[in-house]
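# Structural features, examined
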Amino acid sequence: MNDRPYSVGRRMIFFTGLFSCLLILALTLQFYYGMYPHLQESSKSFLQEKNRSLNNFIEAYFNEMIHTLQMLASYPELLPSASGASEKQQLVVQYLSAVKKFNAHVYRVYSIYQDGTILIPDPLSKNNGSIQSFSWYLERLPQIQQQDLFIGFLQQDPSSGDALLSLLHRLIHPEYGFVGLLVIDSRVENIVDQLKFRSSFYTSSYSFILDKNLICLAHPRQELIGAHFLDTVKLRSAFGKSLFFNYDFEGIRKIAYASYLENSGWYLVTTVNEEELFSPIIKIMLVYVLEIIVLVLIFSFIFYYFWNHEILKPLRSLREYVYTVIHNDSLVESEITLSLPNHEIGQIVQYIGKLTSQSLYQKNQELLEKNKLLESLAIHDFLTGLFNRRKIEELLKTEYERCVRYNTSLSLILYDIDFFKNVNDSYGHQEGDRVLQELTLLISHNIRKTDMHGRWGGEEFLVILPETPISVVQEVAEKLRKVVESHDFELPQHITISAGVTVVQTDETLDKALQRLDSALYMAKKTGRNRVHAEWPENGYV
């Protein structure tokens, strides 16, 4: 060898490092494309569940006020009348005072009438009883008269200037029709406080309410109340109810979930910074990759240690030993022409090849081939290639034992070539051998792969048919007879077979079944040849 052999150990370090890098990359990509989307969906589902929980609270928050309005609107005492007006107004104020007392979310409740009368419990100023203090009533009067209930009417408190979210219910007199409104005001600041309290699961998370026209009704940023949502943000995906959407707000990328408030027709939006929502996932991913790197490095070290100490070190010792033996002057070296890798293992193969020599290898191969041939000759008939008598008897015994053990059916066909002696006498043994080979090959091609075909003796052949019932075996034998009868063997003499058929009973010996099979074949030949004769254990000759 002219070239200096390279080190397998160094190559193992290189390929182990390469494998480690590829494994780390593969596991990282698997996490990114497999687990990362799932973790993203989990984070978004958490945001969705928080929004739905808050949705239930807001629905309940306003449902209580809606039911209160509907209940009060049904009281006839709230309708104006000519008699006892002063006493009736005092009773109405008591009703309204009770509502405010027992519902902490109600900032103010009052009734306002078309004649200019306003009934407010605990008025905040002397002007509270004047309809001029409620200019929205005069401006929206035509619209208000069209439906019984208004939810989410945004206005400003005439006394404090605070933003109020009002619920309005029409008062209908049985004779005069629309006579006024029943109003419950709720401070937007109070609603925002409730939203903040229930939305603080992330540092940047908060919730706000939009009406059906996307006007902001309640928002932690007071300056955004009353503004159109689309004028304050830049949408990056479609907005809709029960939908995740992305938008930019003041240069910050946000993800939000919007749910629909059924009673009011509003949208409840819960939002959080994308960076804060997905940063835990990034941290999990980094930890996962770090764990993968550590585990792969540990695995690589253990693998290399094992390879070096358990394989390379013994091989190096073996190489030195074989080298010593080969360079012994008392040994005759032989030429080696094998193409082998140029490393320690390749050298070992070269040295072992010289030690054993090419001729010894060839003789060993010849011996193996002869052993295979002897093994084949021991179980096959030399002329036909079928199982010989010894092997077919062994197979028959095995199938008989299986038949008895599992109580399955076992059928046998024994056939003989009619007037075969005349073929040998008239056309020579070479033609007779050809007929035997061609006929047995024809039979083998027309039986199942699970069936066994062997030479029983002379021109008699046995076919073993496992799990074949009485109703089938005779048809199989008749099929084989017809196949032979219709085949052209290219001889003046027409070649046919006679066949005996039987089934093996589990309660009888194999010898008894074979005697019956011989008898069946004898009857087929005696009754004219070129026929199938079956003999069953129950019915005698058939």
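Quick caveat: nothing in here was measured; it's all calculated off a predicted structure.

### Focus: empty space enclosed by the protein
Enumeration according to the criterion identifies two cavities of 30 Å³ or more in this entry. Here the largest cavity defines a volume of roughly 100 Å³. Residue lining of the largest cavity: 13 residues in total, with His219, Leu224, Phe229, Thr232 and Val233 positioned closest to the centre. In terms of residue count, the dominant contributor to the lining of the largest cavity is strand E6 (residues 206–210) (three residues).

### Considerations on the pairing of E6
Counting buried positions along E6 yields five of five residues, so the element is predominantly enclosed. Side-chain alternation along E6 places Tyr206, Phe208 and Leu210 on one buried face and Ser207 and Ile209 on a second face that is also buried. In the sheet, E6 pairs with strand E11 (residues 266–273) via five bridges, with the strands oriented antiparallel. Its bridge partner lying in E11, leucine 210 is registered against tyrosine 267. Of the strand pairs in this sheet, E6 and strand E7 (residues 216–218) are connected by two bridges, and their pairing is antiparallel. By the bridge assignment for E7, leucine 210 is matched with cysteine 216. Where E6 folds back onto E7 in an antiparallel hairpin, the turn is made up of five residues, including leucine 214, whose phi is positive at roughly 65°.

### A look at the sheet that holds strand E10 (residues 252–261)
With antiparallel pairing, six strands are arranged side by side in an open sheet as E7-E6-E11-E10-E9-E8. On the outer flanks of this sheet lie E7 and strand E8 (234–235), each paired with one strand and no other. Summarising the sheet, strand E9 (residues 243–249) and E10 pair through seven bridges and their orientation is antiparallel. Bridge pairing links tyrosine 247 to lysine 254 in E10.

### As for the pattern of salt bridges
All told, the structure shown has 21 salt bridges when counted by the stated rule. Residues lysine 421 and aspartate 425 are paired through a salt bridge, measuring 2.9 Å at the closest nitrogen-oxygen approach. Taken together, the residues lysine 421 and aspartate 425, both in helix H10 (residues 420–427) and four residues apart, mark about one turn of the helix. A relative accessible area of 56% means that lysine 421 is categorised as exposed.

### Comments concerning the pairing of strand E5 (residues 177–187)
Burial within E5 is extensive, with nine of its 11 residues counted as buried. Two elements, strand E4 (residues 163–173) and E5, share 10 bridges in a ladder whose sense is antiparallel. Each residue of the ladder has a partner; that of histidine 173, found in E5, is glycine 177. Linking E4 back to E5 in an antiparallel pair, the connection comprises three residues.

### Some remarks on the packing of H10 against helix H11 (residues 429–444)
One can describe the packing of H10 onto H11 by two numbers: an axis separation of 6 Å at closest approach and a directional angle of 140°. If you check the angle between H10 and H11, you find them oblique. Judged by residue contacts, Phe420, Val423, Asn424 and Tyr427 of H10 engage His429, Glu431, Gly432, Val435 and Leu436 from H11. Of the residues contributing to the contact of H10 with H11, the split by class is five nonpolar, three polar and one charged.

### Brief notes about the side chain of histidine 173
Mapped onto the elements, histidine 173 comes out in strand E4. At a separation of 3.0 Å, a polar atom in the side chain of histidine 173 contacts the main-chain amide nitrogen of glutamate 175. A distance of 3.4 Å separates a polar side-chain atom of histidine 173 from the backbone nitrogen of tyrosine 176. Dropping the residues within four chain positions of it, histidine 173 is found in contact with Leu79, Pro80 and Val179.

### Some points on the side chain of serine 204
Inspection of the secondary structure puts serine 204 in the loop between helix H4 (188–199) and E6. Of the polar contacts made by the side chain of serine 204, one reaches the side chain of glutamate 276; its length is 2.3 Å. Excluding anything up to four places from it in sequence, serine 204 contacts Lys254, Thr271, Val272, Asn273 and Glu276.

Conventions and cut-offs
- Here the residue index of a chain counts from 1 through its sequence in written order.
- Where local features are concerned, this predicted model is filtered to residues with pLDDT of at least 70; where side-chain atom pairs are given and counted, the filter is 80 or more; whole-chain, interface and lining totals use all residues.
- Hydrogen atoms and water are omitted, and side-chain values are computed over all heavy atoms in the structure.
- Only protein atoms enter the 1 Å grid, on which a cavity is a set of points fitting a 1.4 Å probe that cannot get out and a pocket is an open set with protein on both sides within 12 Å along at least 5 of 7 lines, lining residues being those with an atom within 4 Å of a point.
- Grid points are joined across faces, edges and corners, and a volume is the space filled by probe spheres set on the points.
- Helix numbering and strand numbering both begin at the N terminus, where a helix is a DSSP run of H or I of at least 4 residues and a strand a DSSP run of E of at least 2.
- Whether a residue is buried, partly exposed or exposed follows from its accessible area with a 1.4 Å probe, protein chains only, as a fraction of its type maximum: under 20%, in between, or over 50%, in that order.
- The pairing criterion for strands is at least two bridges between them, as found by DSSP.
- Any Lys or Arg side-chain nitrogen located within 4 Å of an Asp or Glu carboxyl oxygen qualifies as a salt bridge.
- Note on definitions: angles span 0 to 180 degrees between N-to-C directions of axes, and those axes are lines fitted to C-alpha atoms, for helices only across the stretch in contact.
- Throughout, the term roughly parallel applies to angles under 35 degrees, roughly antiparallel to angles over 145, roughly perpendicular to angles from 65 to 115, and oblique to all others.
- By the convention used here, residues are in contact when the closest approach between their heavy atoms is within 4.5 Å.
- Lys, Arg, Asp and Glu make up the charged group, whereas Ala, Val, Leu, Ile, Met, Phe, Trp, Tyr, Cys and Pro make up the nonpolar group; the residues left over, Gly among them, are polar.
- Residues adjacent in sequence count toward polar contacts only when both atoms are side-chain atoms; beyond that, a polar contact is any pair of N or O atoms within 3.5 Å, and within protein one must be able to donate a hydrogen and the other to accept it.

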